[in-house]
Amino acid sequence: MVTAIVFVTADVARIPEVAEQIAALDGVTEVYSVTGRIDLIAIVRVRDHDAVAAVIADRLNKVPGVTNTETHIAFRAYSSHDLDAAFSLGN
């Protein structure tokens, strides 16, 4: 499983519609509107790197209103849920 975090800059007048269209793409599991220099963060979870390219380059980048993207591939996942499970004593 490959996880990609995609920073999306969008046409400001279309952010809600862009977010909904991105969220509807196969392989996109979450979309967040955020503050700062970017408008949206999309989480892409797919089987392999070819699928990452298919989702982002072939579909997400072509959503009307998307003006720029920056993609980061995750190496490892760390979360409080994972840490709780690792240190659980069976309680």
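Relevant structure appears above.
Note that the coordinates shown come from a computational prediction; the quantities given were computed from them, not determined experimentally.

## Focus on the overall build of the chain
Summing up its helical and strand segments, the chain has 3 helices and 4 strands in all. Secondary structure elements of the chain occur, N-terminal to C-terminal, as β-α-β-β-α-β-α. Per-residue burial for the chain yields a buried fraction of 30% across its 91 residues. Long-range pairs, those at least 24 residues apart, make up 66% of the contacts in the chain with a sequence separation of at least 6.

## Brief notes about helix 1 (residues 15–23)
One full turn of an α-helix is made of 3.6 residues, so residues set three or four places apart face in the same direction. For helix 1, the full list of buried residues reads Ile-15, Val-18, Ala-19 and Ile-22. Projected down its long axis, helix 1 carries its buried residues within an arc of 100°, all on one side. At its buried positions, helix 1 is contacted by strand 1 (2–10), strand 2 (28–33), strand 3 (40–46) and strand 4 (66–73).

## Quick word on the side chain of Asp-39
With respect to the helices and strands, Asp-39 occurs in the loop between strand 2 and strand 3. For Asp-39, which is buried and forms no salt bridge, the nearest opposite charge comes from Arg-37, at a distance of 11 Å. In this structure the side chain of Asp-39 is engaged in a polar contact, spanning 2.7 Å, whose partner is the backbone nitrogen of Ala-10. Each residue touching Asp-39, except ones within four places of it in the same chain, is listed here: Val-8, Thr-9, Ala-10, Ile-15, Tyr-32, Ser-33 and Val-34.

## A look at the pairing of strand 2
Note: strand 2 against strand 3, 5 bridges, orientation antiparallel. By the bridge assignment, Tyr-32 is partnered in strand 3 with Ile-41. Where strand 2 folds back onto strand 3 in an antiparallel hairpin, the turn is made up of 6 residues, including Gly-36, whose phi is positive at roughly 110°.

## As for the environment of Val-18
Tracing the sequence through the fold places Val-18 in helix 1. Residues Val-18 and Val-63, spaced 45 residues apart in sequence, show a C-alpha to C-alpha distance of 6.9 Å. The contact partners of Val-18, leaving out residues within four places of it in the chain, are Ala-10, Leu-40, Val-63, Pro-64, Gly-65 and Val-66.

About the criteria used
Residues numbered from 1 in each chain as written. Predicted model: local features only at pLDDT ≥ 70, side-chain atom pairs only at ≥ 80, totals over all residues. Heavy atoms only, no water. Helix = DSSP H or I, 4+ residues; strand = E, 2+ residues; numbered from the N terminus. Buried < 20%, exposed > 50% of the residue type's maximum accessible area, 1.4 Å probe, protein only. Contact = heavy atoms within 4.5 Å. Arc of directions from axis to C-beta. Lys, Arg positive; Asp, Glu negative; His and termini not counted. Salt bridge = Lys/Arg side-chain N within 4 Å of Asp/Glu carboxyl O. Polar contact = N/O pair within 3.5 Å; in protein donor to acceptor, adjacent residues only side chain to side chain. Pairing = 2+ DSSP bridges.

Just geometry here; none of it tells us what the structure is for.
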